[in-house]
Structures are given as structure tokens and as C-alpha cells.
Amino acid sequence: LRELHLYDNMLSGAIPTGIGKLRALKLLYLESNQLSQTIPAEIGNCVNLEDMGLYTNLLTGTIPSTFEALWKLRRMWVSRNALTGGFPSVLLKMPSLQDIYLD
């Protein structure tokens, strides 16, 4: 699976940790749902991920440190959640990152 588009589907609950098994995944769009709990660290196993949209959910916690393995990630949208903490230093280790939306 290279693309997962599940935005605006009224999904709720946690993002399954099994998502980390999708190592060929390039595009992950889960925005505009009611996803809650933390962003699973296992997303860091999706080493081919280029775009990730998680905005407008109910996600809490911080950006996982495992994201430093996402060398190909260009765009990350995580705004409009309930994330906590300061600016994640892990983002400074992501050489391909061009766009990020946090709030």
C-alpha cells in the first residue's frame, strides 16, 4: 500500500499501531476525523512516507521521536489537535521536510 486516504470519514479512536507495518506508504491522509490519543511511534517505521496529514483531529501528546527516521517526509500537517510540548527537536533532523503546520 502506497497511499492511504481516509480523511473526513468520522473515524474515531486511536490510530492503529499496525500502521507502522506499511513500509511502502508514501501518502497518509487521516485529517478531519475524530482520531484521539497519541500519534503512534510506529509511524516512524513508514520510512518512505512523504506526506502526512493528521490535522483537525483530537490527537494528544507530542510528536514521536521515532519520526527522525522519516528522511523522505516533505509535508507534515498536524495542526488543530491537542498536541503538547515545545517545538519538537526531532523535526530539525528531517532533511526533506519542507512544510509543517503545528499549533
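Structure: see above.
Residues numbered from 1 in each chain as written. Predicted model: local features only at pLDDT ≥ 70, side-chain atom pairs only at ≥ 80, totals over all residues. Heavy atoms only, no water.

Turning our attention to the pairing of strand β4 (residues 34-38). Of the strand pairs in this sheet, strand β2 (residues 12-13) and β4 are connected by 2 bridges, and their pairing is parallel. Looking at the pairing, G13 lines up with L35 of β4. Where β4 and strand β6 (residues 58-61) come together, 3 bridges link them in parallel fashion. Directly across from Q37, in β6, lies its bridge partner L59. (Pairing = 2+ DSSP bridges. Helix = DSSP H or I, 4+ residues; strand = E, 2+ residues; numbered from the N terminus.)

Right, let's talk about the packing of aromatic side chains for a bit. Here the structure, examined in full by the defined rule, presents 1 aromatic pair. Measuring from ring centre to ring centre gives 6.4 Å for Y29 and W77, while their planes differ by 25°; the resulting arrangement is stacked. A residue pair is termed long-range when its members are at least 10 positions apart, and Y29 in strand β3 (residues 27-29) and W77 in strand β7 (residues 75-77) qualify at 48 residues. We note that Y29, like W77, is buried. (Phe/Tyr/Trp six-rings, centres within 6.5 Å; stacked < 30°, edge-to-face > 60°. Buried < 20%, exposed > 50% of the residue type's maximum accessible area, 1.4 Å probe, protein only.)

Moving on to the environment of L102. Among the structural elements, L102 can be located in the segment after β9 (99-101). L102 sits 15 residues away from F87 along the chain, and the two C-alpha atoms are 8.9 Å apart. Those residues in contact with L102, other than ones at most four positions away along the chain, are I63, V78, S79, F87, P88 and L91. (Contact = heavy atoms within 4.5 Å.)

We now examine the environment of L92. Checked against the element boundaries, L92 lands in the loop between β8 (82-83) and β9. We classify L92 as exposed; its relative accessible area is 67%. Expressed as a C-alpha distance, the spacing of L92 and E31, which sit 61 residues apart in the sequence, is 24 Å.

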